[in-house]
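Architecture and fold: a report
Here's the letter readout for the chains.
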Amino acid sequence: PGLRAPLAGETPRYPYSMHTEGAAVGGAGFVEALDETQASQAVVVAAVVVAAVAGIAWAWRQCCGGADERGSGSKLKPIEHWSASGDGKPARHKGVHHQLEHDWELLNAHETLRGGEHAELEATLTGSLVGRQVWECVGKRDARRRAHKFDAKANPNSADCLWRERAPAARGRRTTAASAEDALHDAISYYEQLQAVDGHFPGDYGGPHFLLPGLVITCYITNANLSAETRSAMITYLRNHQQEDGGWGLHIESPSTMFGTVLNYVAIRLLGIEADEDIAVEARAFIHKHGGAHGVPSWGKFWLSCLNVYKWQGLNPVPPELWMLPLWLPFHPARLWCHCRMVYLPMSYLYGRHRECTAPLTDLTRALRDEIYTVPYDDIDWDAARNYVCPLDLYSAHPGLLVLLNKLLVLYEKVSTWGPFGWLKRRGVEFAARYIDAEDEQTNYVDIGPVNKSMNMLAVFWEHGRDSPQFRRHLARIDDYLWVAEDGMKMQGYNGSQLWDTAFMGQALLESGVADRFRRCTQGINDYVEATQVKEDVPQRSKFFRHISHGGWPFSTADHGWPIADCTAEGLKVALGMRQVPWVANKLSDERCQRAVNVVLSFQNGDGGWATYENTRGWRWYEQLNPAEVFGDIMIDYSYVELTTACVTGLAAFQEQFPTHRAEEIATAISRGRDFIAGVQREDGSWYGSWGVCFTYATWFGIEGLLAAGDSPSAPHLRRACEFLKVHQREDGGWGESYLSCVTRKYSHNVQEGSQVVNTAWALLGLMAAHEPDHSAVDRGIAFLMSRQRSNGDWPQESISGVFNRTCGITYSQYRNIFPLWALGRYTNEYRKSAASSSASASE
């Protein structure tokens, strides 16, 4: 009582639920989110009508005949080319190792306040800094130190050797532990030494290749100084990941694409590589072979336009006027998935002011204009280039509806500065600027992700100036996104995965029944979870379309501050578990646990499932407006089996300790969540994974969710799930799945690497949760994990295990420790005892 969001009604309905039964779409709170005058809304509607009437006949004639790969109206291109490069061969890395020229040391939390030359900039930092990770150069590489070899041809995923140096070397025991208990003890003994002082577990969260170039371009335009050591480490990374054909992929395991290659070519040139150096010559040859940089997808076109090496004319419009649309219209950018929304927010600002917000030409950018195209820059047909995307990159072609709207917007742009249209554009730009400032302040200038971090920083430069407090706060947070490993310095997919990894490790440790033997580690996990819970809602959350935050957990740090449904549920489960350990100090209070449940309940969608950061606000037809040709399903926040299971299991765990608190609402939420999970199960018994690779990941989640909701392990749909897992078990006892499963939506064996410890652990966790009666399948899987464990308790880094937006892989370097030790813990503490008991009963 007293913890409900401040809205009328007893059921957990919140301002941004798009599926509230019997309510107007969006609810009253959503309609009030944009407090603009009726006059401005009338101007918007009038502008839309005028533009539509003026251009619809011409635009329809232009697009009704359809379009091929060179136009944005083509149908979804067959995606076989995502598993092979354009010549039909798989992605090929060079296998040439380039070493870092300097030694680096990871600083954590308040250690990141280095003082000295950094003091002035660090004084602008806001937030608690808990969980913050910053790499500091400590001088030229010491030749006496061990050189960590990186071979992208063998495995493009770094083993995170620089950070893991702090753990002890092999202790000399034989390769395979004598028992599962020994393997578990060794695994935790090793991993706890990687725990930071504030309790989290730092690690590499890299993988995508399109993030670093955006930062480099922003720093070049704004004259933000990247140190010589930083530039050198970035170049090392790009050298190590260049493929044999000269290109870079969308991510470290994908074949070369125009998106990855053009942006990273520009990056190496801005970082100081000369045009005649081998890395540049080879990359340029790839670009020219595949038609030139005008074939880069739209996000690449945007970055090149900001740098003044591509004409804004060749970019489909991103009008800031869209923010001024009335919220009662079927489409409004506030209804987009927040990651999509927060990227197109600074895009719209920079596009709206592109006449002023374009970098001045320099000798280097003039040279780039000559280098990246196959025809002279002034001869390029920018109107034709606008919708052309290189076939290597085309995953999600522009649907016909978007083609039509883009043509109308191109016409509108011709008159967008006239009279009331100009006033409307200025209003849109002004609102976008305020919204960017709000996002920056609400996240302590970390921002929701790396793409909008770089774009927001560029927008703030143009809006407030280089010497402004806002821009200096952005500068102070650049390091939060940078990670150094043996392959070089990369920009991560977030400012880390701190809470996410720590929450899973906490659950693994508690379930294993060995927390008493690892008290320092256990207490540290509790302390980080406690410190990371969001303590208040953001200011003006309705005005800037934010969901409630108070009581939730983010993916990384409290300073980041965007709570996510599954992170909140996983954080809550750890907190609840720690409350059951007598000696743990600083436990979460009843009120804070109840706050977390309030957030979890608020996230549930009308279909019974849970999405990520918000409720589903838009509709599936929004995907007909997807402008990002390289990603799928980015327009709205969908319900996912992984998120739904996390929330169902979190609510079930809460119910055990708080059986009377909002009991009816929680029971109803669990039941609806259960129905969603069962409803999206495939005929073969599996679930498709949207955030991990892929069917093994999601099937583990689906099993756990149904069991937490009360389904019997012997239920037919759960037996089908277990049979699916067993069918894909390999002869060596393990499981191995490729990220291509996410792309093709069909199970894809990892042909190159074979069985993987992470996939194996996920499959085992699912089978053991369902009390799999075929003990041999589980025993073989455990034996595989033990055989792969190293003598120091670690496991090798294998293939990429994370994914987002269907196509982009991302590294979770901590998964190789957390999930195998969790599987070992469940096996030794629960499954084997249960199996022995079942055998004894059968004998009797």
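The rules behind the values
- The residue numbers shown here count from 1 along each chain, following its written sequence.
- It should be noted that, the model being predicted, local features are given only for residues of pLDDT at least 70 and side-chain atom pairs only at 80 or more, the latter also being counted only at that level, while totals for whole chains, interfaces and linings use all residues.
- Neither water nor hydrogens contribute to the side-chain values; these are computed over all heavy atoms in the structure.
- Note on pairing: two strands pair once DSSP finds at least 2 bridges between them.
- Under the DSSP-based scheme used, a helix requires at least four consecutive residues in state H or I and a strand at least two consecutive residues in state E, with every element numbered from the N terminus.
- The criterion for an aromatic pair is that two Phe, Tyr or Trp rings (for Trp, the six-membered ring) have centres within 6.5 Å, with stacked assigned to planes under 30 degrees apart, edge-to-face to planes over 60 apart and tilted to the rest.
- In this scheme, a residue with accessible area under 20% of its type's maximum is buried, one over 50% is exposed, and one in between is partly exposed, where area comes from a 1.4 Å probe on protein chains only.
- Think of it as a cone above the ring: NZ of Lys or CZ of Arg counts as a charge over the ring if it is within 6 Å of the ring centre and within 35 degrees of the ring normal.
- Exposure above 30% relative accessible area and the absence of a salt bridge qualify a residue for a patch, where like charges join within 9 Å and nonpolar side chains (Val, Leu, Ile, Met, Phe, Trp, Tyr) within 5 Å.
- Per-residue and other accessible areas were derived by the Shrake-Rupley procedure at a 1.4 Å probe size, with only the shown protein chains allowed to occlude residues.
- What makes a salt bridge here is a side-chain nitrogen of Lys or Arg within 4 Å of a carboxyl oxygen of Asp or Glu, nothing more.
- Axes, fitted as lines to C-alpha atoms, cover a helix only where it is in contact. Angles between the N-to-C directions of the axes lie from 0 to 180 degrees.
- Each angle is binned into one of four classes, with values under 35 degrees roughly parallel, values over 145 roughly antiparallel, values of 65 to 115 roughly perpendicular, and all other values oblique.
- Crossings are classed by handedness, with left-handed meaning an anticlockwise turn of the near helix from the far one by less than a right angle and right-handed meaning a clockwise turn.
- For this analysis, residues touch if any pair of their heavy atoms sits within 4.5 Å.
- Under the scheme applied, nonpolar residues are Ala, Val, Leu, Ile, Met, Phe, Trp, Tyr, Cys and Pro; charged residues are Asp, Glu, Lys and Arg; polar residues are all the others, including Gly.
- In protein, a polar contact means a hydrogen-donor-capable atom and an acceptor-capable atom, both N or O and within 3.5 Å, with residues adjacent in sequence counting only if both atoms are side-chain atoms; elsewhere, any N or O pair within 3.5 Å suffices.
- By this rule, a helix spans an expected 1.5 Å times one less than how many residues it contains.
- Values of pLDDT, ranging from 0 to 100, describe the predictor's confidence in every residue of the model.

1. Structural notes on the pairing of strand β6 (residues 488-491)
- Sheet topology note: the strand β5 (residues 482-485)/β6 ladder contains 4 bridges and is antiparallel. Paired with A485 across the strands is G488, a residue of β6.
- If you look at the hairpin formed by β5 and β6, you'll find 2 residues sitting between the two strands.

2. A few points about the packing of aromatic side chains
- Overall, the coordinates contain 57 aromatic pairs when judged by the stated rule.
- Centroid distance Y191 to F201: 4.5 Å. Interplanar angle 5 degrees. Geometry classified as stacked. Of this pair, Y191 sits in helix α5 (residues 180-191) while F201 sits in the loop between α5 and α6 (212-222), placing them 10 residues apart in sequence.
- Each ring, one from F461 and one from F471, has its centre 5.8 Å from the other, and the planes form 55 degrees; the classification is tilted. Separated by 10 residues along the polypeptide, F461 in helix α16 (residues 450-464) and F471 in helix α17 (residues 469-476) bring together distant segments of the chain. Per residue, the accessibility class of F461 equals that of F471, and both read buried.
- Taking NZ or CZ as reference, R546 lies 3.7 Å from the ring centre of W562, over its face.

3. Observations concerning a nonpolar patch on the surface
- Among the surface-exposed residues, L401, L405 and W621 lie close enough to one another that they form a single nonpolar patch of about 240 Å² accessible area.
- Along the chain, the position of L405 falls in helix α14 (residues 400-415).
- Classification of L405 by relative accessible area gives partly exposed; the value is 32%.

4. Focus on the pattern of salt bridges
- Under the criterion given, the structure shown has 38 salt bridges.
- The residue R386 makes a salt bridge to D383 at a minimum N-O spacing of 2.6 Å.
- In this structure, R477 and D559 form a salt bridge, with 3.1 Å as the shortest nitrogen-oxygen distance. Within this pair, whereas R477 is found in the loop between α17 and β5, its partner D559 is found in the loop between α19 (519-532) and α20 (565-579), the two being separated by 82 residues in sequence. Exposure class is identical for R477 and D559. Each is buried.
- In the salt-bridge network here, residues are joined through shared partners; they are R719, E723, K726, E772 and D774.

5. A word on the packing of helix α27 (residues 757-769) against helix α28 (residues 775-788)
- Taken N-terminus to C-terminus, the directions of α27 and α28 make an angle of 150 degrees; their axes are 10 Å apart at the nearest point. As the angle between them shows, α27 and α28 are arranged roughly antiparallel. Crossing of α27 against α28: the hand is left-handed. Between α27 and α28, the contacting residues are V757, T760, A761, L764, L767 and M768 on the first element and A777, V778, G781, I782, F784, L785 and R788 on the second.
- Residue composition of the contact of α27 with α28, by class: 10 nonpolar, 2 polar and 1 charged.

6. What to know about unusual backbone geometry
- Even without being a glycine, N308 presents a positive backbone phi close to 75 degrees.
- Relative to the assigned elements, N308 resides in the loop between α10 (298-307) and α11 (338-352).
- Given the relative accessible area of 16%, N308 is considered buried.
- In this structure, F545 is a non-glycine residue whose phi angle is positive, near 65 degrees.
- Mapped onto the fold, F545 is located in the loop between α19 and α20.
- F545 gets classed as buried once you look at its relative accessible area, which sits at 0%.

7. So, the side chain of K453
- Along the chain, K453 turns up in helix α16.
- A polar side-chain atom of K453 sits 2.9 Å from the main-chain carbonyl oxygen of Y445.
- Polar contacts involving the side chain of K453 include one to the side chain of H474, which spans 2.9 Å.
- For K453, the residues in contact, after removing those within four places along its chain, are Y445, V446, D447, H474, R477, I478 and Y481.

8. Some points on α27
- With 13 residues, α27 ought to run about 18 Å at 1.5 Å a step, and its terminal C-alpha atoms sit 18 Å apart, in line with that.
- With 13 of 13 residues buried, α27 lies mostly within the body of the structure.
- Directly beyond the C-terminal end of α27, a positive phi value near 55 degrees is found at H771.

9. Concerning the packing of helix α24 (residues 695-708) against α27
- The geometry of α24 relative to α27 is characterised by a closest axis approach of 8 Å and an angle of 20 degrees between their N-to-C directions. Regarding the angle of α24 to α27, the classification is roughly parallel. By crossing handedness, the relation of α24 to α27 is classed as left-handed. Touching T696, Y697, W700, I703, E704 and L707 of α24 are N759, W762, L765, G766 and A769, all from α27.
- Of the residues contributing to the contact of α24 with α27, the split by class is 7 nonpolar, 3 polar and 1 charged.

10. Re the confidence of the model for the protein
- Confidence in the prediction of the protein, expressed as mean pLDDT, is 89, and 87% of residues score 70 or more.
- Across residues 1-39, where pLDDT falls below 50, the model places 78 contacts with residues more than four positions away in sequence or in other chains.
- Low pLDDT (under 50) marks residues 49-89, which in the prediction has 70 contacts with non-local residues, meaning those over four places away or in another chain.

11. Let's talk about helix α25 (residues 716-727)
- Along its 12 residues, α25 runs 16 Å from first to last C-alpha, staying within 8% of the 16 Å computed at 1.5 Å per residue.
- Buried residues of α25: H717, L718, A721, C722, F724, L725 and K726, and no others.
- Close packing links the buried residues of α25 with α23 (663-679), α24, α27 and α28.

12. Focus on the environment of R682
- Along the chain, R682 turns up in the loop between α23 and α24.
- With 39 residues separating them in the primary sequence, R682 and A721 have C-alpha atoms 9.1 Å apart.
- Filtering out sequence-adjacent residues up to four positions away, R682 remains in contact with Y688, F695, R720 and R745.
- Side-chain polar atoms of R682 contact the backbone oxygen of R745, separated by 3.0 Å.

13. Structural notes on the environment of K425
- Structurally, K425 can be placed in helix α15 (residues 419-442).
- Of the residues examined, K425 reaches a relative accessible area of 7% and is grouped as buried.
- Taking the C-alpha atoms as reference points, K425 and L322, 103 residues apart in sequence, are found 9.1 Å from one another.
- Apart from residues lying up to four places away in sequence, K425 is in contact with P320, E321, G352, E413 and S416.

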